[in-house]
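# A closer look at the structure
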Amino acid sequence: GQLPTWLQGMLLRNGPGMHTIGDTKYNHWFDGLALLHSFTFKNGEVYYRSKYLRSDTYNCNIEANRIMVSEFGTMVYPDPCKNIFAKAFSYLSHTIPEFTDNCLINIMKAGDDFYATGETNFIRKINPQTLETLEKVDYNKYVSVNLATSHPHYDSAGNVLNMGTSIVDKGRTKYLLFKIPSSVPEQGKKKSCFKQLEVVCSIPSRTLLHPSYYHSFGITENYIIFIEQPFRLDILKMATAYIRGVTWASCLAFNKDDKTWFHFIDRKTKKEVSTKFYTDALVFFHHINAYEEDGHIIFDIIAYTDNSLYDMFYLKNLSKDFEKNVKLTSIPTCRRFVVPLQCDKDAVVDSNLVTLPSTATAVKQKDGSIYCQPEILCEGIELPRINYDYNSKKYKYVFATRVQWSPVPTKIAKFNTQTKEMLQWREDDCWPSEPVFVPRPGAKEEDDGVVLTCVVKTDPKDPPFLLVLDAKTFTELGRAIVNVEMHMDLHGIFIPQQDMKTETE
């Protein structure tokens, strides 16, 4: 096919690539060693490159030819030949573990640099051109977080906003929102932007030893949205996991009888809105978008009624027949919550405070809290992306993978949140990845651009390819076939040509 001449830059993606080292195997797909890959678009041609992230974890494992560093779903024990003192010491050092730097989830831009990110306190700087691994950055040196998300937001000035969890720090467990500036003052050219990192605000966890797990957060023009879901880490269980011979993943539990709490932080005052908003128990990973309209915050997420998704990806479940055998017990649903911030203090109990045209409700309770129920926009989509120029603004389109009862996508979709119309792309025996929207330079319309997705074939003998779709019509513009084995990945970003530093810099 013909690729648009304006498409110049690089699609850079990340995901787990190696699950067996020597005679040892990881238990879970999300534990695999990070494999970066990139597609560079230059004058109508596409160049492919892939390279394992040379993390400390990777180097340690490869050198020993066995898994040496524990991951979330795989706990590793020292060599059984070690003496008793070394073993005892090893038990002690695992209570608050030194987490892995196997950053396999996403790519983040901070200042002019790019980082591979996971969900621990470590990120790794990389060179996007060569995919070389550069220095390791420990968030904990700049802000007291043990975990951080792989889905930061970027404001109009290019600053990074992200959230992390601070576990039992000075006797408190809290969720921190922090900002990494896009540039450092002129005189401090050598300084890293992390030295200028600032904590925007902190939200205390509802319980000291059971912080909520979260994979992303939402942002509107004036507010940050943080959802405290009843899918929680048990800190005491985590501290004893090593001794008990279980994984950290087993310390994550969903309580279906609990509430899910919504926190809204005013970006100017850095204070939380005092009204308490909640909904029923849910598990979610991805925010899609959020915006404000007539005194309401509207936010869209993809949610489940249980936590079966994580369990699907244990490698024992991903055998050759998993499409037939492995079924989610809860289908992903795209839910729109409409939250009235300017609600009348004298509103009648049990009245719905939503005044926008939506089937979503927000009902006042006796204690003054507000019980929210969503409008279901659609079902069966995951890994959502939008035109990021419309992030925190009223928008129409979601680009996503299409999943029904099996966790692995077989189609990609463009969903119109206003008309509920869905366009799809599919082809036999294809597993597409998260679709990334790239706007056409100077575009005036939200869907003027292309959608990029990496497609792996179910038969390893068939070569994988990068697919380029016209985002408006969702028809194929072209594909680039890659004659090497390509892994299924998780997330990534498109870096326009002008944001790429030249090699000499």
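Residues numbered from 1 in each chain as written. Predicted model: local features only at pLDDT ≥ 70, side-chain atom pairs only at ≥ 80, totals over all residues. Heavy atoms only, no water.

### Brief notes about the state of the cysteines
- Across all of its chains, the model carries 0 disulfides by this definition.
- Take Cys60: it sits in no disulfide, and the sulfur closest to it among the cysteines is that of Cys103, at 15 Å.
- Given the relative accessible area of 32%, Cys60 is considered partly exposed.
- Cys334 takes part in no disulfide bond, and the closest cysteine sulfur, belonging to Cys378, lies 4.5 Å away. (Disulfide = S-S within 2.5 Å. Buried < 20%, exposed > 50% of the residue type's maximum accessible area, 1.4 Å probe, protein only.)

### Topic: the pairing of strand 23 (residues 333–340)
- Counted residue by residue, strand 23 has 8 buried out of 8 residues, so it is predominantly covered.
- Along strand 23, one buried face is formed by Thr333, Arg335, Phe337 and Val339 and the opposite face, lined by Cys334, Arg336, Val338 and Pro340, is buried too.
- The sheet contact formed by strand 22 (residues 296–304) and strand 23 spans 8 bridges and is antiparallel. Its bridge partner lying in strand 23, Ala303 is registered against Thr333.
- Sheet topology places strand 23 next to strand 26 (residues 375–379); 4 bridges connect them, and they run antiparallel. Counterpart to Arg336 in the pairing with strand 26 is Glu375. (Helix = DSSP H or I, 4+ residues; strand = E, 2+ residues; numbered from the N terminus. Pairing = 2+ DSSP bridges.)

### Thoughts on the packing of aromatic side chains
- Tallied over the entire structure, the rule returns 33 aromatic pairs.
- When the centroid spacing of 5.3 Å and the interplanar angle of 90° are considered together, the rings of Tyr115 and Phe194 count as edge-to-face. Of this pair, Tyr115 sits in strand 7 (residues 113–117) while Phe194 sits in the loop between strand 13 (172–180) and strand 14 (198–204); the two residues are 79 residues apart in sequence, bridging distant segments of the chain. Each member of the pair, Tyr115 as well as Phe194, is classed as buried.
- Here Tyr139 and Phe178 contribute two aromatic rings whose centre-to-centre distance is 5.2 Å and whose plane-to-plane angle is 65°, an arrangement assigned as edge-to-face. (Phe/Tyr/Trp six-rings, centres within 6.5 Å; stacked < 30°, edge-to-face > 60°.)

### As for the UniProt feature "binding site: Fe cation" (unreviewed entry) in the chain
- Summarizing the sequence annotation, UniProt attributes the feature "binding site: Fe cation" (unreviewed entry) to His151, His215, His286 and His491 in the numbering used throughout. In terms of the greatest pairwise C-alpha distance, the residues named above, spread along 341 residues, form a tight cluster of at most 12.3 Å across.
- Along the chain, His151 turns up in the loop between strand 10 (147–148) and strand 11 (153–154).
- A relative accessible area of 15% means that His151 is categorised as buried.
- If sequence neighbours within four positions are ignored, His151 has contacts with Asn106, Asn162, His215, Ser216, Phe217, His286 and His491. (UniProt positions renumbered as here; feature names shortened; annotations may be inferred. Contact = heavy atoms within 4.5 Å.)

### A short note on the sheet that holds strand 25 (residues 370–373)
- Taken in spatial order, the 6 strands make up an open sheet running 15-16-19-20-25-24, and their pairing is mixed. With partners counted over all chains shown, the strands left at the sheet margins are strand 15 (218–219) and strand 24 (361–364), one partner each.
- Two strands pair when backbone bridges link them, and strand 16 (residues 223–228) and strand 19 (residues 259–266) are joined in this way by 6 bridges, in the antiparallel orientation. Opposite Ile224, over in strand 19, you have Ile265 as the bridge partner.

### As for the sheet that holds strand 29 (residues 411–416)
- Read from one edge of the open sheet, 4 strands run 27-28-29-30, paired in antiparallel fashion. This sheet does not close on itself; its edge strands, each paired only once, are strand 27 (381–385) and strand 30 (422–426). In this sheet, neighbouring strand axes are inclined to one another by 25° on average, regardless of whether the strands run parallel or antiparallel.
- Summarising the sheet, strand 28 (residues 397–402) and strand 29 pair through 6 bridges and their orientation is antiparallel. What sits directly across from Thr401, in strand 29, is Ile412. (Axes fitted to C-alpha atoms, helices over the stretch in contact; angles between N-to-C directions.)

### Concerning helix 3 (residues 235–244)
- Among all positions of helix 3, only Ile235, Met238, Ala239, Ala241 and Tyr242 are buried. For helix 3, the angular spread of the buried residues around the axis is 140°, confining them to a single face. Of the exposed residues in helix 3, the ones pointing more than 90 degrees away from its buried face are Leu236 and Ile243.
- You can read the cap of helix 3 off the contacts: a side-chain oxygen lies 3.2 Å from the backbone nitrogen of Leu236, and it is on Asp234.
- Looking one or two residues beyond helix 3, the residue adopting positive phi is Gly245, at roughly 75°. (Arc of directions from axis to C-beta. Polar contact = N/O pair within 3.5 Å; in protein donor to acceptor, adjacent residues only side chain to side chain.)

### A short note on the environment of Gly449
- Along the chain, the position of Gly449 falls in strand 33 (residues 449–457).
- With a relative accessible area of 9%, Gly449 lands in the buried category.
- Distance from Gly449 to Leu7, taken between C-alpha atoms, is 9.1 Å for residues 442 residues apart in sequence.
- Those residues within four positions of Gly449 in sequence are excluded, and the remaining contacts are Trp6, Phe437, Val438, Pro439, Arg440, Leu469, Asp470 and Ala471.

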